[in-house]
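Coordinate analysis (summary)
Each chain, written out:
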Amino acid sequence: VEVARCLGEIGPTDLRCIALPPSWEAHGLDVSVLPSGWSHVTCCSARILSLLTALLVDKDITVVQASAKCLRAVLATKNGAAVLNKIEELMLGGDWSVYLEPFKQQKKKKSPSTPSHPPTLPPPTSFPALVDVADLWIPSGGVTHGNWITRLVTTLMDSGGVTDEVLVLLKPVCQVKVSLCEQIFPLLLYNVLVADREDFRSILSQQVRAFFSSVGPAHGSTHQHGGIHPDSIRTMLDMVMYLRTVNRTKKSTPWENNFWLDLNFLDVAMAAQHCSAYFTSLLYIEIWHGATSDASSRNPSTDNSIEAMEVDHTHPVEQTSCLDNPAVQSLLLEAYSRIGEPDGLHGTCAAHAADEDTMTRMYEQEGQWQKSLSAYNLQLQLPGASCHSKLVESLQQLGLTHVLHAYLAGVGTASPQLSQELAEYRFQAAWRSSLWDESCLPVTSRSGGYHQSLYSCLTALKDGELGLLQSSLVEARSEVIRNLCSTGQESSSGLYPSLGRLLSLLELEEAGNSTDLRFLTDWKQRLPYMDSDFQFVEPVLALRSSVLHSLLVRSSHEESSEQGEELPVEVRRKREGLFAALTETLLTQARMAREAGRYQVAEGALFALRHLNERRGTFNIPAGLQPSLHWSLQLERAELHWERGEGALAMGLLKTLLQQLGTGGDPRLASLRPTALCLYGSWLAESHSKNPVVVMETYLEESVRLLEALPPGDHAPLLRAYLTLARYADSQYQRITRHMSSATFEAKRQLLQKSKLDLETLTSHLSEDAILRDRHFRILRRQSEEDEITMFNLRQDRQQFLEKALKNYLLCLKTGDNHDLRVFRLCALWFANCTSSAVNELVSEGVALLESRKFLPLMYQLAARMSAQTTPTDPFQQILQQIIYRTTLEHPHHCLYVILALSNATKDNRYPTSGHVSGTRVTKATGRLARKTSNVGTVDEDKVKAAGVLLSRLRSQKPSLVGAMEKLCDAYIDLAYHDVSALKKQRGPIKLPPGCPLVKLARMKEVAMPTMEIEVDPTCRYDNIVYVEGFDSCFQLAGGVNLPKILSCQGSDGNRRRQLVKGRDDLRQDAVMQQVFLLVNRLLRKEPASSKRKLSIRTYKVVPLSQRSGIVEWCEGTRPLGEYLIATPQSPYQGAHHRYQPGDWSALECRKKLDAAGKDRRGSKYNAYLEICAHFHPVFHHFFMEYFPTPSEWFERRLAYTRSVAASSIVGYIVGLGDRHVQNILIDTKTAEFIHIDLGVAFEQGKTLPTPETVPFRLTRDMVDGMGVEGVEGVFRRSCEETLVVMRGSHEELRTIVEVLLYDPLYLWTISPLRALTIQRRPDGDDTGASTTNGEQVFEGEQTNRTANGGSSSSNKMAERVLLRLQEKLEGIEDGVPLSVSGQVNHLIQEATDVANLCLLFAGWQPWI
């Protein structure tokens, strides 16, 4: 009971994981801590000692005696005694090793019961006769699981195939302890197989294969199949899984370890589903698919010619032949349905022509219950249909409880046997509908289920029978716990229904035991934590409504029994409190159902609420209680109609509501009217139903005015009103701006100027009398005046909308933190209108009231616009520098490096391009020498001066912090330019020079670790930062043209963090792209669908220290994709292609083949690529079996990988990220996520390279191979679609972010021809970010004249072009054709995998990998 209560407290909270961690042993030795150098036999013996020791405290005395006997025998052997000595020497045994003292073999005196010689092992000749027996392996004739496994294990011990004396000595305890048999069984088979006798292996393979074949097709049930108990199936699965984790030979790969036995892994997958081991089932499907593919590739009949490749590799992602197997299809559907992974299910259905049953299952998984109801209605017309329970489930999910009750009553009359099967649904429909007439319910012949017990609980609560309530609660909890125990232990999705039921029972118990309403406080506090899918939360809310309704009915019955006497105040208040709680619960249920798209459930809750409000007299609830109930109900109804696409009806309801609220004077309704005004105004704006000025002034501004007049309280309505008004004013400002930039407006302006010239000409040639009489002159003057007034009004409206947008964005940022991304739009509007005195005055007043942390995401862009040329008539610079100063002063660890990078812009020129030794004195070169030693292009001295002035101001406030960070930056820059060209082939540690400044820095208590992400502190205290403790005395080289250095920095928390110190490399491109990724992650977290899938892009810290140097956070636990896949056999890490496909061409041979081909699209290059594919097979799926051997972790990590690739692909496409060769992508060996590095080629600059990039993102065969049997279907495609939905829905924020970055005067993102040539000139195609070593121009616009706002005119034109293309991408326009989200994703996938595109890529990009 207490366990059930504890689990109930957890409730249907989102566990944030799809797989449960594997179970662990409560007693004995943790085998994972054993030294890696121990042999497998030694580890097995240590495990056996641990198991036997745990059995010494078993409840069964027979087991204890047998364990003691076995321990004496095992420790008397040489192997057993040696293992115990090793454990004691390493102190691994802990307390349990003390228990073994009495069982140790004494040196002087031997126990008579302990043999002094090894046990006699049976001869191996008896193995076939004893083991090759079908009845031994396949239980039949009612044999229990315990008898079966005991007989099997003891027979193996007696067979002569087991050569380990320790294992043979375990027979006595195995005869009395079934659990030990289950644990020893895999060790026995390993011991037999490791002897490498093919005859023994053949016998075992045949018998195990027959076992799995006899289990039969899976149907998602845990009952016995083919007479085999689920525990027996689970034991055999554990054996197969154990063998997978053991190396067959010293050089065997994890893939080869799958084949200790020759098995049909499709049968193994079916068996796994019988035990609800769905991750295990998916893993064995993958192994079966890989084995089948390998067999096909080895088949001599397989045609590897180019003609065959035309079919196989034109679109590699379309190869889903294994999904055509009906057994595979059925297994995948069942597994994905049970683990709650809708994307995988969708991929299974999309990969082939799905039948009606498959599509119905997909409807259920995606919550499309109307479609599933229609499908089941059609199936019931067929003879012998058995889908009544599914139809009932659809009715239940649609909230049609009364229809369901009537249907079940009819079924009960027509078919009593079927009525028994559907009894639980009838009880559920009864309590949900508050129908308490038990005569209409079935009389069940078996013990009651959960809903029958719950119905009894509610009846007892209504009648005040607390004894019956408690007993029914015990029955209900027992039923839930039984179901929970039978649930598979791999997936978390099966826990949510049970956790929700236990929470419901806990709340029912709280309500029954409480004499007041304090339990309502607990209910309210739990609501925010019920954040899982609505299907799991809805039963809890429904039961709350039924409990409150039952208590309210009981309260009214107690009142009627008082026979007219006046009720005490406490009783009346309790009844009113119950009524208020019930209405609030129904409103909450309606709102949550509407937000989840369950409109029928929402409508049912609103109907119940309206009916309750009409019957308040029945419960003697005063009319003055909850005066806002009627209006809240109407408002929720209007929102529901709007969400359902019934716009006219919704607006009509809301308009009527506004009219009624306008005539009332109840102060308790004061907050409803402005909320309704804001909502109505936003609907008018969305539907373009009224004049923009009317919408803004009559509705949106009036809503803000009324909300501001209310007493302080909940800020959410006011925040929503500010945001709605700001966005609407902004949209109108953009509309007018676009119109004023259009060709139509320009033509009108020119006509106006021409009219003015004509009027001046006529005026100079005509007299006043003639002018008055000239009709043409009068018409021309009137038209000119009208046009001038129109243009003046347009400019006025534009300015008015601009100021309204700025003002309300500022108020929105001031009022709350939910819309902090609006700071980007605020700054974009301000930067675009920085010469307007009215705008500057408005911004100056507004930002003074904002917390400085709001500007942290824009610090790079704010600092880039600083100038030392400030004038009193130009307040823009004064406001800008005050924002930067205040933000840096309050958040120095986030901002000071940005200011220092500007101030240090000239320091790069102090260092020569070669020969510098860290710690030696550098002097500024002049004249001709300066040009030869320049490490940087043009330096904006004005910005350097402005940064220096700002640093002086900061130094006066925080002298020690600024001084320490300046020293650290100078030391990093000095090391960055330390010449190591003579050591470029050295791979080991390199000693830092004695005079290196970094060596002298230690215990910098005020300086935070620069490559750590520091959480923003709203109080601006930063008392507990991890500061720089010191640096290691050695560094390593990372490779590349400029030889960046890997240095370890020790933090005050004791952890060493590696950093990449880079010189002659502009890191600002990488820093701003990381900024884009961080903001995209915030957008993805905001949306429920993408947040549920954990879609994100892995980021890392990039800190520019000057224009051409900086440090980068080292991504620990990662490997370059190219290193894992194609590292040469001579390297420390052999590539996977060499290990798994040794007969394939090498990567170098493939590159030479493609380089040697021509450049025509359908000619030799195309054929060369197809030939490469025929001799180079994908192997990346092996990565997951290597690093994640357990099924749950394997599935979870592969899921994370696929989603990571999807998110980074779509976002990379949106921002035009290029140069994605295999060395620029890292794979995390712990999370399997992709990390993109070297982000210098962005905004489609890859198309300007000498060999233009022809694909939107990297989606090559190896990357698809890692996604499993479904390939790009399912998880990848759906994740791409969800990411694109967020990008499209956030187009305003995304365009603003990119716009601010593109017009950043310091962010030089366009690539010069020289750098473009350098990128593709290197042998490995790696772009390390270095350009040249003699300071030539690297970026476009670096030597060009700047415009007034800081950017070059050519860069501004390029930026406009990029923004136009970005807008097209976000609108789904591809090749001039607008596409839906799914259509655009499909187009991108086809482009990324089209051989005609891949073959044209630069050979160093290695598109065949």
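Look a little higher up for the structure.
Residues numbered from 1 in each chain as written. Predicted model: local features only at pLDDT ≥ 70, side-chain atom pairs only at ≥ 80, totals over all residues. Heavy atoms only, no water.

1. Re the overall build of the chain
When you go through the chain residue by residue, the secondary structure sums to 62 helices and 12 strands. Taking the intrachain contacts of the chain between residues at least 6 apart in sequence as the baseline, contacts between residues at least 24 apart amount to 73%. With an accessible surface of roughly 62000 Å², the chain has 52% of that area assigned to carbon and sulfur atoms. (Helix = DSSP H or I, 4+ residues; strand = E, 2+ residues; numbered from the N terminus. Contact = heavy atoms within 4.5 Å. Areas by Shrake-Rupley, 256 points an atom, 1.4 Å probe, with all protein chains shown as cover.)

2. Quick word on the state of the cysteines
Tallied over the full model, the rule gives 0 disulfides. Not engaged in a disulfide, the cysteine Cys181 finds its nearest cysteine sulfur in Cys174; these two sulfurs lie 4.2 Å apart. Taking relative accessible area as the criterion, Cys181 reaches 0% and is therefore assigned buried. (Disulfide = S-S within 2.5 Å. Buried < 20%, exposed > 50% of the residue type's maximum accessible area, 1.4 Å probe, protein only.)

3. Considering the environment of Ser281
You can see Ser281 is positioned in helix α14 (residues 278-298). The spacing of Ser281 and Asp267 is 14 residues in sequence and 9.5 Å in space, taken between C-alpha atoms. Sequence-distant contacts of Ser281, that is, excluding residues within four places in its chain, are made with Ala269, Ala272, Gln273 and Leu331.

4. As for the sheet that holds strand β9 (residues 1225-1228)
Pairing is antiparallel in the open sheet, where 3 strands are placed in the order β8-β9-β10. Across the chains shown, the open sheet's two edge strands, defined by having one partner strand only, are β8 (1118-1120) and β10 (1234-1236). Averaged over all pairs of adjacent strands, the angle between their axes in this sheet comes to 30 degrees, without regard to strand direction. Sheet topology places β8 next to β9; 3 bridges connect them, and they run antiparallel. Bridging across to β9, Arg1119 finds its partner in Ile1227. (Pairing = 2+ DSSP bridges. Axes fitted to C-alpha atoms, helices over the stretch in contact; angles between N-to-C directions.)

5. Some points on the pattern of salt bridges
Think of it this way: side chains of opposite charge can pair up when their charged atoms draw near. In this structure the tally under the stated criterion is 61 salt bridges. Asp463 is the salt-bridge partner of Lys462, the closest N and O atoms lying 3.0 Å from each other. Put simply, Glu1244, Lys1247, Arg1365, Glu1368, Lys1369 and Glu1374 are held in one network by salt bridges that share partners. (Salt bridge = Lys/Arg side-chain N within 4 Å of Asp/Glu carboxyl O.)

6. A look at the packing of aromatic side chains
Inspection of the entire model under this criterion finds 33 aromatic pairs. Aromatic ring contacts, followed pair by pair, group Tyr1124, Phe1180, Phe1183, Phe1184, Tyr1187, Phe1188, Tyr1201 and Phe1234 into a single cluster. Taking NZ or CZ as reference, Arg248 lies 6.0 Å from the ring centre of Trp260, over its face. Seen from the ring of Trp1405, Arg1258 lies directly overhead, with NZ or CZ sitting 4.2 Å from the centre. (Phe/Tyr/Trp six-rings, centres within 6.5 Å; stacked < 30°, edge-to-face > 60°. Lys NZ or Arg CZ within 6 Å of the ring centre and 35° of its normal.)

7. So, the side chain of Asp820
Relative to the elements of secondary structure, Asp820 occurs in the loop between α38 (775-815) and α39 (822-832). Sequence-distant contacts of Asp820, that is, excluding residues within four places in its chain, are made with Leu813, Arg853, Lys854 and Arg1082.

8. Points about the pairing of strand β3 (residues 1027-1037)
One face of the sheet, then the other: side chains in a regular strand alternate in exactly this way. With 2 bridges connecting them, strand β1 (residues 990-991) and β3 associate as antiparallel partners. Within the sheet, the bridge partner assigned to Ile990 lies in β3 and is Phe1035. Here β3 runs beside strand β4 (residues 1045-1051); their pairing, made up of 6 bridges, is antiparallel. Bridge pairing links Gly1030 to Gln1050 in β4.

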